[in-house]
Protein chains: 2
Amino acid sequence: MRIAVDAMGGDHAPQAIVEGILLAAKEYSDVEFILFGDGEQIKPVLGDSYNTDKIKIVHTTEKINSEDEPVRAIRSKREASMVLAAKAVKEGKADALFSAGNTGALLASGLLIIGRIKGIDRPGLMPVLPVIGKDDQFVFMDAGANADSKPENLLQFGILGSYYAEFVLGKKNPKVALLNNGSEEGKGSELSKKAFELLKADESLNFVGNIEARELFSGDADVIVTDGFTGNAVLKTIEGTALGIMKLMKSSVLAGGLKAKVGGLLVKDALGNVKDTMDYSKHGGAALFGLRAPVVKTHGSADKVAVYHTIKQIRKILSSHVIPDLVTHFETAKEESDKISE
Amino acid sequence: MRIAVDAMGGDHAPQAIVEGILLAAKEYSDVEFILFGDGEQIKPVLGDSYNTDKIKIVHTTEKINSEDEPVRAIRSKREASMVLAAKAVKEGKADALFSAGNTGALLASGLLIIGRIKGIDRPGLMPVLPVIGKDDQFVFMDAGANADSKPENLLQFGILGSYYAEFVLGKKNPKVALLNNGSEEGKGSELSKKAFELLKADESLNFVGNIEARELFSGDADVIVTDGFTGNAVLKTIEGTALGIMKLMKSSVLAGGLKAKVGGLLVKDALGNVKDTMDYSKHGGAALFGLRAPVVKTHGSADKVAVYHTIKQIRKILSSHVIPDLVTHFETAKEESDKISE
């Protein structure tokens, strides 16, 4: 399998990206990497590993910055590392795209260059999040690829997430829930009520009903579906709350004087555990899912370990054949609906 | 001032409610309380304080339960403690309504019995939340009174929140921000883009633009406006994340053996601080704001201290005259628009 890497995206690029790729290349001999970016900066980090048959560089000095307007950037910067990497996937020279760069531009590259699975109206951004209290995970979709969603989009997010949970996370008959403002049937906005009906009616899904945001981390659902505006707010609220609590803990411990400081040192490991659990980049990246190939984004601040984990995740997605299976699912669905309408 | 109290609402009613009222009555000699509920259960808790000129009971055995369907409940249970308390406010026998009961039923009582301020289309649920890192607060609205909102509703939430922040929290020229999926102008859903335009055009507001959920607790805004569906998800995500982190901290400390346990004991105070800061019931209740009188809800699990803090907050709202001022604001706005259309 071949992964196209945007080596210039992210706060610590290309250093952290290339170091992460080296870690992954060492472990996975079945993966080839094509690094898109400035060869002058990439080569010194690669060292001896340059131009082995496993790691190649496609040199370009253009790149998309974090403040660039996404669609305009991918249209005007035709030689940007991210754009060239996406084109390599489109042209079949690579099987997946990885970037830690501008999220909006990556969404645009996925949508406009790589393209959607036939039958999927809108791809969604899907991070893998931790269940708290047991060693488990769930997927959350859409975490913000779309500002406005329709009920049909939410149904498709449910199907996409269910395939991912089953084939990539290895869950049998994954439980799909709809994020809503109450757990009872009949609750919700116009959008969520209609999405509920569609999810309930789809016999391919194990739909377990509504879930409230309070229960996100409970493990009650393997796939949690919501519109991209709410999903974006929820994901950023998790981040803001977790960082806020860390800050409060630290200042409380400092204000408590020596005794608390000693305690603080002792529980530093525990806090580290919390940070590792809550930091979703440690669980891999957020997949932009619903495209013809895996496009996976990790945090802009990702270090080499986060890059390594994201590559591990991409490898798992490619090995699982989840995307060809999704293509078949939606083609079959389309054929059936065509038959009915004939 | 006179506060109508639904003494039967909440998990620990009437015990915790009545004990909280006693705490408040002891401190605030200018407040009279009318307790609606089962006299047989309330009297023993009140003890000697029964039927002083400060605390009276209106006996009723009917009550609304947490699982009751809101609108149906307030229509069919005409003698329920919450309904009678709302009627007392409507009839001018009390100035404000307090309950720890069924949130939906309280919203319905406020809307259908007490009624909206003229010019307000939809009241919103407005908790007061902590700024992290300094001793400050902000208001967040709508936290879930409405499942669907229009741009005009979000403008009104901004005005309502701004009045509250100025007159009740004592902030001069409060900064109003719109919760959105990006901080730049032009970002967002159809709804949030239109709401942005309305908020920006309103000269009575100090509108500072978009804010992302990651920055909720930053203190960058005194009033954060959003639709009720997103607001509900955000508030419950804060709760779920905070509880999840507490759980992780505890299990990490326990798993760490003796050394970490000693540390755990030492930082228990620090964790307590975090809990107090994040627990918004300690900052008072969530006001259902936009009605002709203050209607304030505290957590169903509220203890006597939370009840006391909520009464303190209601007293502050009544003393501030914020509601008569809002009535004038919207009447003036209406007269001006009538003049223009003549």
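As a reminder, the structure under discussion sits directly above these lines.
Residues numbered from 1 in each chain as written. Chains lettered and ligands numbered in written order. Predicted model: local features only at pLDDT ≥ 70, side-chain atom pairs only at ≥ 80, totals over all residues. Heavy atoms only, no water.

Visitor: I'm lost on the pattern of salt bridges in this one. Help?
Guide: A side chain with one charge may pair with a side chain of the opposite charge, provided their charged atoms come close. If you walk through the whole model with that rule in mind, you get 18 salt bridges over all chains. Put simply, Glu185(B) and Lys200(B) hold a salt bridge, and the shortest N to O gap is 3.0 Å. Pair noted here: Glu185(B) is in the loop between β8 (175–179) and α7 (190–201) and Lys200(B) is in helix α7, with a separation of 15 residues, a long-range link. For Lys200(B), a relative accessible area of 47% gives the class partly exposed. Beyond isolated ion pairs, a larger network of salt bridges with shared partners links Asp136(A), Lys171(A) and Asp222(A). (Salt bridge = Lys/Arg side-chain N within 4 Å of Asp/Glu carboxyl O. Helix = DSSP H or I, 4+ residues; strand = E, 2+ residues; numbered from the N terminus. Buried < 20%, exposed > 50% of the residue type's maximum accessible area, 1.4 Å probe, protein only.)

Visitor: Quick question: what am I supposed to make of the side chain of Asn232(A) here?
Guide: For Asn232(A), the location among the structural elements is in helix α8 (residues 228–255). Setting aside chain neighbours within four positions, we find Asn232(A) in contact with Asp142(A), Ala143(A), Gly144(A), Asn180(B) and Asn181(B). (Contact = heavy atoms within 4.5 Å.)

Visitor: Looking at this structure, how should I read unusual backbone geometry?
Guide: Peptide bonds are, in most cases, trans, and in most cases residues other than glycine have a negative phi. Here the bond from Met141(A) into Asp142(A) is cis, since omega is 10°, no more than 30 degrees from zero. Along the polypeptide, Asp142(A) turns up in the loop between β7 (136–141) and α6 (151–167). Of note in this structure, Asn173(A) is not a glycine but carries a positive phi near 50°. Note that Asn173(A) resides in the loop between α6 and β8 (175–179). Since its relative accessible area comes to 53%, Asn173(A) is described here as exposed. Look at His321(B): it is not a glycine, yet its phi comes out positive at around 55°. Among the structural elements, His321(B) can be located in the loop between α11 (304–320) and α12 (322–341).

Visitor: Is there a simple way to explain a positive patch on the surface in this structure?
Guide: Residues and elements named next belong to chain A. Positive charge collects at one region of the surface, where Lys90, Arg116, Arg122, Lys150 and Arg292 lie side by side. Mapped onto the fold, Lys90 is located in helix α4 (residues 81–90). Overall, the relative accessible area of 53% leaves Lys90 in the exposed class. (Patch = residues over 30% accessible without salt bridge, like charges linked within 9 Å, V, L, I, M, F, W, Y side chains within 5 Å. Areas by Shrake-Rupley, 256 points an atom, 1.4 Å probe, with all protein chains shown as cover. Lys, Arg positive; Asp, Glu negative; His and termini not counted. Charge placed at Lys NZ, Arg CZ, Asp CG, Glu CD.)

Visitor: When you look at the side chain of Ser109(B) in this model, what are you seeing that I'm missing?
Guide: Relative to the assigned elements, Ser109(B) resides in helix α5 (residues 103–114). If we skip the residues at most four places from it in the chain, Ser109(B) touches Ile74(B), Met82(B), Ala86(B) and Ile114(B).

Visitor: I'm lost on the sheet that holds β7(A) in this one. Help?
Guide: Note on sheets: strands pair through backbone hydrogen bonds, and any given pair is parallel or antiparallel. Residues and elements named next belong to chain A. Pairing is mixed in the open sheet, where 5 strands are placed in the order β6-β7-β10-β8-β9. The sheet is open, and its two borders are formed by β6 (128–131) and β9 (206–211), each paired with just one other strand. Each strand axis lies, on average, 30° off the axis of its neighbour in the sheet, ignoring direction. (Pairing = 2+ DSSP bridges. Axes fitted to C-alpha atoms, helices over the stretch in contact; angles between N-to-C directions.)

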